[in-house]
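In case you want the letters, here they are:
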Amino acid sequence: MGRLQVAAVAAALGLVMLQTHAQTPAPSADPYANNPDAGKLQFPLAAPAGKDSGAINAAPPGAVNQGPLDPAHWKYGSAYDGPDAGIWNPVMIKMMKGEKVTGGTVFSTDTPATYCAMANAGYDFIWTEMQHDSRDWEAVGRMWKACPHAKAVPGVRVAYTDEREIQHAMDLGALVIVVPTVRSVAEGIAARDWTFYPPLGKRSLGGGQAFDPEMWGNVPGGYRNTINKNVVLIEMIETLEGAMDASKIAAIPGVTAIFAASGDLGNFSGYKMGTPDYERLINIVHDAALGAGKRLCGPFAWRDRPDFTCFQNASEVVAIGRGVADELGPLKDTQGKPEVGPYAGKK
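Cut-off values and rules
Residues numbered from 1 in each chain as written. Predicted model: local features only at pLDDT ≥ 70, side-chain atom pairs only at ≥ 80, totals over all residues. Heavy atoms only, no water. Phe/Tyr/Trp six-rings, centres within 6.5 Å; stacked < 30°, edge-to-face > 60°. Helix = DSSP H or I, 4+ residues; strand = E, 2+ residues; numbered from the N terminus. Buried < 20%, exposed > 50% of the residue type's maximum accessible area, 1.4 Å probe, protein only. Expected span 1.5 Å × (residues − 1). Axes fitted to C-alpha atoms, helices over the stretch in contact; angles between N-to-C directions. Parallel < 35°, antiparallel > 145°, perpendicular 65-115°, else oblique. Left-handed = near helix turned anticlockwise from the far one by under 90°. Contact = heavy atoms within 4.5 Å. Nonpolar A, V, L, I, M, F, W, Y, C, P; charged D, E, K, R; others polar. Core = buried A, V, L, I, M, F, W, Y, C linked by side-chain atoms within 4.5 Å. Patch = residues over 30% accessible without salt bridge, like charges linked within 9 Å, V, L, I, M, F, W, Y side chains within 5 Å. Areas by Shrake-Rupley, 256 points an atom, 1.4 Å probe, with all protein chains shown as cover. Salt bridge = Lys/Arg side-chain N within 4 Å of Asp/Glu carboxyl O. Pairing = 2+ DSSP bridges. Polar contact = N/O pair within 3.5 Å; in protein donor to acceptor, adjacent residues only side chain to side chain. Right-handed = clockwise from strand over helix to strand, strands pointing away.

A separate point is the packing of aromatic side chains. For any pair of aromatic rings, the description consists of the separation of the ring centres together with the inter-plane angle of the planes. Inspection of every chain in the model, using the stated rule, returns 5 aromatic pairs. Consider the rings of F300 and F311, whose centres lie 6.1 Å apart with planes at 85°: the pair is edge-to-face. Here F300 is found in the loop between β7 (295-299) and β8 (310-315), whereas its partner F311 is found in strand β8, with 11 residues between them in sequence. For F311, a relative accessible area of 2% puts it in the buried group.

With 17 residues, helix α11 (residues 276-292) should reach 24 Å at 1.5 Å per residue; the first-to-last C-alpha distance of 24 Å fits that figure. Turning to α11, its buried residues number three or more, namely Y278, E279, L281, I282, V285, H286, A288 and A289. The positive-phi residue at the C-terminal boundary of α11 is G293, with phi of around 70°.

Bringing the packing of helix α4 (residues 137-146) against helix α5 (residues 163-172) into the picture now. Interhelical geometry of α4 versus α5 gives an angle of 25° and a closest axis separation of 10 Å. With respect to α5, the element α4 is oriented roughly parallel. At the point where α4 passes α5, the crossing takes the right-handed sense. Every residue of α5 that contacts α4 at W137, G141 and W144 is listed here: E165, H168, A169 and L172. Partitioning the contact of α4 with α5 into residue classes produces 4 nonpolar, 2 polar and 1 charged.

A few words now on the nonpolar core. Ranked by size, the top nonpolar core spans 77 residues in total, and within it Y115, W144, V156, I177, Y223, I234 and I258 carry the most contacts. By residue number, the principal contributor to this core is α11, which donates 6 residues. Apart from the residues within four sequence positions on either side, V156 is in contact with I126, T128, M130, W137, W144, A169, A174, V176, I177 and V178.

Attention shifts here to a nonpolar patch on the surface. A cluster of nonpolar side chains, namely I56, L69, W74, Y76, Y80 and L205, defines an oily patch on the protein surface of about 620 Å² accessible area. Structurally, the position occupied by W74 is in the loop between α1 (3-23) and α2 (90-97). A residue is classified by how much of its surface remains accessible, and W74, at 47% relative accessible area, is partly exposed.

With that out of the way, let us pick up the sheet that holds strand β4 (residues 176-179). Read around the barrel, 8 strands follow the order β1-β2-β3-β4-β5-β6-β7-β8 and close on themselves; strand pairing throughout is parallel. Strand-to-strand twist in this sheet, taken as the mean axis angle between neighbours without regard to direction, amounts to 25°. In the sheet, β7 pairs with β8 via 3 bridges, with the strands oriented parallel. Paired with G298 across the two strands is F311, which belongs to β8.

To continue, consider the pairing of strand β3 (residues 153-157). Buried residues dominate β3, accounting for 5 of its 5 residues. Side chains V153, G155 and R157 project from β3 onto one buried face, and the interleaved P154 and V156 project onto a second face that is buried too. In this sheet, β4 lies alongside β3 in parallel orientation, the contact comprising 3 bridges. Bridge pairing in β4 places R157 opposite V178.

With respect to the helices and strands, the residue T102 is situated in strand β1 (residues 101-106). Here T102 falls in the buried class, since its relative accessible area comes to 16%. Residues contacting T102, with those up to four places away along its chain left out, are G122, Y123, D124, F125, F300, F311 and N313.

This paragraph deals with α4. Among all positions of α4, only W137, A139, V140, G141, M143 and W144 are buried. Where the residues of α4 are buried, they touch β1, α3 (112-119), β2 (125-129), β3 and α5. Sitting at the head of α4, D136 places a side-chain oxygen 3.2 Å from the backbone nitrogen of E138.

Right, let's talk about the pairing of β2 for a bit. For β2, the buried fraction is high: 5 of the 5 residues fall into the buried class. Here β2 shows no split at all, with F125, W127 and E129 on one side and I126 and T128 on the other all buried. Pairing of β1 with β2, which is carried by 4 bridges, proceeds in the parallel orientation. Residue G104 lies in a different strand from β2, and its bridge partner there is I126. Regarding topology, α3 serves as the crossover connection from β1 to the parallel β2, and that connection is right-handed. Note that the unit made of β2, α4 and β3 has a crossover that is right-handed.

Spelled out as structure tokens, the structure:
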């Protein structure tokens, strides 16, 4: 075979490989990349063309749910059942054991490098702050995707009990959801509903970064089938109304822990930490957690307070300052002292 023939054969093989590659889509977490058989599918149970099927009142033969459609008594199907794959969220494992869990706060940065440094610093999860910071969800997604399997799992305090906020957090891959200012049982149930897929909750199945193989797409048992057992939901009691309903909020199925908010319980009550009225509110939250058999969370300063087992730690800005102070020791703040220029006279 001459050189021209060899070149022609190689070119033809290359074209075939290119065509084959083009016809085989890359693996995708996109739920809308789901139409490989359009035009080929058959629909034997579809409503007759141009006719009312009567499905609102009567089910097809063989359906589990017979009679008129009744969401309140619907028997949930087995489409997402599977073998017990075990718990793969390390924070949930510690919560279940009652061990102390620490969350490092990423407050102001939207830089993946800074986030990843915090996520590998030794915390159990990262408390990405979305209640009191103005960053957007795209920035959060970039940070979490930069080091998806860091030592600390991605977590977030959302802005409020809201489907959009919690849906964004979950679709981006959050494994810890912290919901602030839960004022009532109804708000507590709503937060649970947007965090969990059916049948426990009402989370929509829309894909997202969480399904990416580099995030949780390859976890044992599959993400959709196992996330309900792995996501940690922490609801914060911060108001007098929340304290009043704390025992009922803690008892909501799906709630992993309740958080006694050290700052806002003072803000909403008008009393400072250590005063009898303030401490009463903290003890109400304490009693609610114990009564429901749930974990009890608070600021890291309370790590030795009885029965508290999960904590919010300082922000990345504070952590950097403390880390540098620990590293430098007596060399901290021993800068040179010019007699002139912008640094003159600085302490």
